[in-house]
Amino acid sequence: MNHLPRSLTLLGIAAMSVSAFAAEGEAEKVSVGGFAIEPMGHMSSPDGAVTVHPKALVGVSYNTNVYATQTNEQDDFFYSVTAGVDVGWQMAEHDKLTVSAEYMGEAYASQSGRNLQGGRGTFAYRHDAQLWDASAVASAARTNDPFINTGEQIKHDDFDAAFNGTRTGFSGSIGAGLSFSRRNYLEDSATFGKDDRDYNVYGANLRVGKEVGDQSELYVRGFIDKRDYDNNTLASGAPGFNDSTGYGGLLGVKAKIGTRSGLIAEAGATYRSYSDDFRKDKTYDDKTVIAPIGNLIYRWNFEEGSFLGAHAFSSLEESVTSNAAWLYGAALDGRYRLLEKAALFGSAGAYQLVASGHATGQTDDEVRTTEEITVGAEYILHRGIGLRLKNTYTNSKSKTQNDFTRDIVSLELGFVY
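Computed from a predicted model, the values in this text were never measured in an experiment.

## Describing the overall build of the chain
The helix and strand tally for the chain stands at one helix and 21 strands. Taken against the 2.2 N^0.38 rule, which gives 22 Å for 417 residues, the C-alpha radius of gyration of the chain at 22 Å falls within 12% of a compact globule. Taken along the three principal axes of its C-alpha coordinates, the chain extends 65 × 55 × 35 Å. Residues classed as buried in the chain amount to 44% of the 417 residues present. Within the chain, contacts between residues at least 6 apart in sequence are counted, and of these 58% link residues at least 24 apart. Both charge centroids of the chain, one from 38 positive and one from 53 negative side chains, sit 2 Å from each other.

If you want it as structure tokens, here you go:
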């Protein structure tokens, strides 16, 4: 689901990349704007150590509710273009460097204020050896991904960096890492100004695992992070968002099930301490917050080019109506290859965001419930050239804020060499 916060999305991506979920025998694919296409060809150095894949995606889309409003909905067509390149360098037997860069532009027919000049870039280094694994990732992005608290497509910049190292022994492993994230909003929301909610997050984590079978292990992981907002006072002079420190721990299992499926299950709790109650109002009573956290991720690659996946999750996120909000939900997703050149894909999920408190005069905590369904089809016109049609439907209801429904229908043509 494209509404998920960075912490949960990055965790899901990392989990799905482990070897327990690897599909055997599938051709190499390159993603452009989220559309994975087998390259038309290969540009490489004479020794094959460096590979280069130019890529592009053009599309036309229709958004039924551009501003995620409950009434007076504004619909519009928009045109999009993505252009970029993926570069891989096998520096040595155990060391690989990858760089991916994409420019992303969106132009609306009538709502020009929603135009986007953005993109994303990622620099990743991986050392993969028998005893020591290490990875370093740095990324930057300018996007308008929907804001989980309201559904608004607010332009923002994200900067992320992480380093992790793992030492593997005869029967287990121990790993540690550091991370940094920054978000900078570029326009106002209905609930805050563009300078009110910019922040940095500094984190550290520790993971200890014990092998229990072929590509399976039990593990425990813990983390700590500190979130600092640039401003703790709103532009109006009212109290703003509070800095906080969080601690968490989980017990988990990673299991390979047969040759084509895998499972990750982890559960624990997180504790977060804020510098004050929300808006410095003690009736919120949310200076400290505790919530269950966890993930249940399953993937079954039942045939080449086809898969079925499931994901249930629980996390603690920042809120705009209180200090924090408990987020939990579940989703199913899959892809079914019809023919050599055609496939259907889709996902369906729901999640709920429950605020950690409310002020005097309010009867309930804010609760937002969101359902999202994506359906689509892909057709490969020629190796390296693909056509994709998809529709994403969102239905979101809130106790104290905006309800909205929205469809975004897109037709896209992708190219990868």
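## Some points on the confidence of the model for the chain
For the chain, mean pLDDT is 91; residues scoring 70 or higher make up 94% of the total. Contacts from residues 6-20, a stretch scored under 50 in pLDDT, to residues over four places away or in other chains number 32 contacts.

## Description of the pattern of salt bridges
The full count for this structure, using the stated rule, is 18 salt bridges. Here Arg-207 ties to Glu-217 by a salt bridge, and the two come within 2.6 Å at their closest N and O atoms. With Arg-207 in strand β11 (residues 199-213) and Glu-217 in strand β12 (residues 216-229), this residue pair connects regions lying ten residues apart in the sequence. According to the relative accessible area criterion, Glu-217 is buried, its value standing at 9%. Of the charged contacts in the structure, one is a salt bridge between Lys-226 and Asp-228, with a shortest N-O distance of 3.6 Å. The network of salt bridges with common partners includes Asp-225, Arg-227, Arg-272 and Glu-318.

## Side note on the packing of aromatic side chains
Applying the stated rule across the entire model yields 15 aromatic pairs. Where Phe-241 meets Phe-278, the ring centres are 6.4 Å apart and the plane angle is 50°; that geometry is what we call tilted. You can see Phe-241 sitting in the loop between β12 and β13 (244-257) and its partner Phe-278 sitting in the loop between β14 (261-274) and β15 (288-303), a full 37 residues away along the chain. This pair shows no difference in class: Phe-241 is buried, exactly as Phe-278 is. Taken together, a centroid distance of 5.1 Å and an interplanar angle of 75° make the contact between Phe-278 and Tyr-284 edge-to-face. Each member of the pair Phe-278 and Tyr-284 is classed as buried. Members of the aromatic cluster, each reached through a chain of ring pairs, are Phe-147, Tyr-185, Phe-192, Tyr-199, Tyr-229, Phe-241, Phe-278 and Tyr-284. A cation over an aromatic ring shows up here: Arg-197 above the ring of Phe-241, its NZ or CZ 4.6 Å from the ring centre. For the cation-ring pair, Arg-279 lies above Phe-241, with the distance from its terminal atom to the ring centre recorded as 5.2 Å.

Basis of the calculations
- Residues numbered from 1 in each chain as written.
- Predicted model: local features only at pLDDT ≥ 70, side-chain atom pairs only at ≥ 80, totals over all residues.
- Heavy atoms only, no water.
- Helix = DSSP H or I, 4+ residues; strand = E, 2+ residues; numbered from the N terminus.
- Rg over C-alpha atoms; globule rule 2.2 N^0.38 Å.
- Buried < 20%, exposed > 50% of the residue type's maximum accessible area, 1.4 Å probe, protein only.
- Contact = heavy atoms within 4.5 Å.
- Lys, Arg positive; Asp, Glu negative; His and termini not counted.
- Charge placed at Lys NZ, Arg CZ, Asp CG, Glu CD.
- pLDDT = per-residue confidence, 0-100.
- Salt bridge = Lys/Arg side-chain N within 4 Å of Asp/Glu carboxyl O.
- Phe/Tyr/Trp six-rings, centres within 6.5 Å; stacked < 30°, edge-to-face > 60°.
- Lys NZ or Arg CZ within 6 Å of the ring centre and 35° of its normal.

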